[in-house]
Amino acid sequence: MSEQILLEMNHIRKEFPGVLALKDVSLQLRAGEVHALLGENGAGKSTLIKILGGIYARDAGEIVIDGKVVHIDSVHDAQKYGISVIHQELVLVPHMTVAENIYLGREPLKSGRFVDFKKMHDDAKKLLDSFELDIRPEEEISELTIAQQQMVEIIKALSFNAKILVMDEPTSSLSEKDVDFLFENIRKLKKAQVGIIYISHRMSELKQIADRITVIRDGEYIGTKDTKTTDNDELIAMMVGRQLTNYYTRTFGNPTEKVLEVKNLRDGKLLKDVSFHLFKGEILGFAGLVGAGRSELMKCIFGIDPFQSGEILLNGNPAIIRNPDEAMKKGIALVPESRKLEALFPDQTVKYNITIKALGEFIHGIHVNNAQETKITREYVDKMAIKTPTYQQVVGNLSGGNQQKVVIGRWLATKPKILILDEPTRGVDVGAKAEIYAIMNNLVKEGVAIIMISSELPEVINMSDRVVVMSNGRITACLPREGLTQEKIMHHATQFVTT
Ligand SMILES: Nc1ncnc2c1ncn2[C@@H]1O[C@H](COP(=O)(O)OP(=O)(O)OP(=O)(O)O)[C@@H](O)[C@H]1O
Ligand SMILES: [Mg+2]
């Protein structure tokens, strides 16, 4: 990292109707530096980045690039100043190809008028190859996995040869391998004197990749630390404004009553001979690498995807679950992995999003009035500590982490007996994570059975009664809580299994 200052954002202020998102935030970025931006959900991180990227106009403050005050009024302006942003929400166009997405708005032209598709595909292929990605340029974005889409997004941002690169939670759906790959590229960019602003809720990543860390809380600048001379406790205290005790809350019982049993399930694709059972009042962790088949398995159980053979038993009786409606009627809830795509109604209000499922199917016979809807909304906004100015706020305007809490809140409102959570704390800040753990603990105490898919091993180890490990569509181990280690889980997760 050099001493040369690439970018200064000074005293930035931004107000939305009813929300003062940024009060007075400053940030300095040096050439060759990875500067992490840390703060709770709703602290204002993405807003600051969107101001830099030309998406939002600031209300006050100045942006200085290479010592000159600049005005960034559009995405185009930002690009002109060498700023490239990977936003938290994927912004790729689903029904266009990978190549079209990478070169959107700057397509190579033939005879100055027509898009030169051949050149575009060739260029894209070179780019994808140089990153050793197994993605074809002509593939449609909608056909890629979320992790692949995120990689395309990253490559697109890198392809601008930016001087200032911003990454808003780039790793939230990447596997370990992809994260390593991303970090390798970040290190190369550092050498080339690119300045990088990096947002992530994964504290462990900051140690690996960040030189300095700026913390903001409730739209206010709290401070900037050198990564080398600070630690998690100090950063968390800066973020949440208090010490966080009892991070993982768990009271373990002795669950023995089987509520769910899955026998020899196969889907004809990935899943092979999957058998496990779930007890009332336990948290059953599901560990494995991305692509191991955990989400696919849960989709079969929840009736989203069909399975070829095998059996599902609920409380000892064979159950037929042909669609999510039937699953929900039987007391099962699934909080999916990609909440944005599968679960959120971004143009609707917080109230609508929290109550939609609960009201639709569950409150039979009762006349549901506005007051009851408000009561349910209040209960879960409080329980999940969702940061929103009113219940009428459009969900798309909440911060990323708070959108996730809305989806989890909605499923809790259905009062399920079996709750399946797919990566429940992804993108959620430390304070909210602790809240979610406490809620999970209360639910199991009340007798709910929870399945938790998670790629965060510390979370799996500290929260689970037992841990099922999957690899290649098979269950490779079912481990008791006692003696669990990351190494043990990884050993079974990487076990190669052939049919
Ligand atoms: N377009 C908008 N309209 C109204 N309010 C908004 C809008 N965008 C953001 N906000 C509000 O501004 C505040 C800051 O949000 P921001 O998205 O910057 O948070 P964040 O720090 O990125 O959080 P997360 O970690 O959850 O992504 C939040 O209270 C959010 O609800
Ligand atoms: Mg954000």
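Residues numbered from 1 in each chain as written. Chains lettered and ligands numbered in written order. Predicted model: local features only at pLDDT ≥ 70, side-chain atom pairs only at ≥ 80, totals over all residues. Heavy atoms only, no water.

## So, the pattern of salt bridges
Counted under the stated rule, the structure contains 21 salt bridges. Ionic pairing is found between D122 and K118, a salt bridge with its closest N-O pair at 2.8 Å. Here D122 and its partner K118 are both found in helix 4 (residues 117-130), 4 residues apart, which amounts to about one turn of the helix. Classification of D122 by relative accessible area gives partly exposed; the value is 35%. Between R426 and E423 there is a salt bridge, with its nearest N and O atoms 3.7 Å apart. Here R426 matches E423 in class, with each residue buried. (Salt bridge = Lys/Arg side-chain N within 4 Å of Asp/Glu carboxyl O. Helix = DSSP H or I, 4+ residues; strand = E, 2+ residues; numbered from the N terminus. Buried < 20%, exposed > 50% of the residue type's maximum accessible area, 1.4 Å probe, protein only.)

## As for the nonpolar core
Of all hydrophobic cores here, the largest spans 65 residues; its most connected members are L260, F276, F286 and L297. Counting residues per element, this core draws most heavily on helix 15 (residues 430-445), at 7 residues. Apart from residues no more than four positions distant in its own chain, F286 is found in contact with F276, R294, L297, M298, I451, M452, I453, S454, V468 and M470. Counting 49 residues, the second largest nonpolar core, distinct from the first, contains L38, I102, L133 and A147. (Core = buried A, V, L, I, M, F, W, Y, C linked by side-chain atoms within 4.5 Å. Contact = heavy atoms within 4.5 Å.)

## Considering the packing of aromatic side chains
Under the definition given, this model contains 8 aromatic pairs. For the pair Y248 and Y437, a centre-to-centre distance of 5.2 Å together with 35° between the ring planes defines the contact as tilted. Separated by 189 residues along the polypeptide, Y248 in the loop between helix 8 (232-240) and strand 13 (258-266) and Y437 in helix 15 bring together distant segments of the chain. For Y437, a relative accessible area of 0% gives the class buried. Taking the centre distance of 5.1 Å and the plane angle of 75° together, the rings of F276 and F286 count as edge-to-face. Separated by 10 residues along the polypeptide, F276 in strand 14 (residues 274-279) and F286 in strand 15 (residues 283-288) bring together distant segments of the chain. Here the guanidinium or amino end of R106 rests over the ring plane of F160, the centre of that ring lying 3.7 Å away. The ring of F252 carries the charged tip of R250 above its face, separated from the ring centre by 4.3 Å. (Phe/Tyr/Trp six-rings, centres within 6.5 Å; stacked < 30°, edge-to-face > 60°. Lys NZ or Arg CZ within 6 Å of the ring centre and 35° of its normal.)

## Things to note about the side chain of T47
Topologically, T47 is positioned in helix 1 (residues 45-52). The contacts of T47, once residues within four sequence positions are left out, are K14, F16, A21, L22 and Y56.

## Brief notes about the site of ligand 1
Close to ligand 1 lie 21 residues, the nearest being G42, K45, T47, S399 and G401. Here N41 contributes a side-chain N or O atom positioned 2.9 Å from an oxygen atom of ligand 1. In this structure, S46 approaches ligand 1 through a side-chain N or O atom, which is 2.8 Å from an oxygen atom. Across the complex, the protein chains shield 93% of the 640 Å² of accessible surface that ligand 1 would expose by itself. Contributions of two or more residues to the shell around ligand 1 are made by strand 2 (19-30), helix 1 and helix 14 (400-413). Considering every element that reaches the shell around ligand 1, the biggest residue donor is helix 1, with 3 residues. (Near = heavy atom within 4 Å. Polar contact = N/O pair within 3.5 Å; in protein donor to acceptor, adjacent residues only side chain to side chain. Areas by Shrake-Rupley, 256 points an atom, 1.4 Å probe, with all protein chains shown as cover.)

## Looking at the pairing of strand 15
With respect to burial, strand 15 is a largely interior element, 6 of its 6 residues being buried. Side chains I283, G285 and A287 of strand 15 all project onto a buried face; the interleaved residues L284, F286 and G288 project onto the opposite face, where all are buried too. One ladder, built from 4 bridges, connects strand 15 with strand 20 (residues 449-453); its direction is parallel. The partner of L284 across the bridge, within strand 20, is I451. Judged from the 5 bridges that link them, strand 15 and strand 21 (residues 466-471) form a sheet pairing that is parallel. Note that in strand 21 the partner of A287 across the bridge is V469. (Pairing = 2+ DSSP bridges.)

## Thoughts on the sheet that holds strand 22 (residues 474-480)
One open sheet accounts for 6 strands, arranged 18-19-20-15-21-22; its pairing is mixed. Unpaired on one side and paired on the other, strand 18 (332-335) and strand 22 mark the two borders of the sheet. Sheet twist, expressed as the average angle between the axes of neighbouring strands with direction ignored, equals 20°. Taken together, the 5 bridges between strand 19 (residues 418-422) and strand 20 define a ladder with parallel strand orientation. Following the sheet pairing, D422 is matched in strand 20 by I453. Each of strand 15, strand 18, strand 19, strand 20 and strand 21 touches helix 9 (residues 294-301); the most contacted strand, strand 15, lies at about 135° to it. Together, strand 18 and strand 19 form the strand contacts of helix 14, whose direction differs from that of strand 18 by roughly 180°. (Axes fitted to C-alpha atoms, helices over the stretch in contact; angles between N-to-C directions.)

## Re the domain arrangement of the protein chain
The figure often quoted for interface size is the accessible area lost as the parts come together. As far as domains go, the protein chain holds domain 1 (5-240) and domain 2 (258-493). In this structure, domain 1 and domain 2 have C-alpha centres spaced 30 Å apart. Each partner contributes residues to the interface: domain 1 has 20 residues there, and domain 2 has 20 residues. Taken together, the two surfaces of domain 1 and domain 2 that pack against each other cover about 1400 Å², and 57% of this comes from carbon and sulfur. Inspection of the domain 1/domain 2 interface yields 1 salt bridge. (Domains from an automatic or database assignment. Buried area = accessible area lost by both parts, 1.4 Å probe.)

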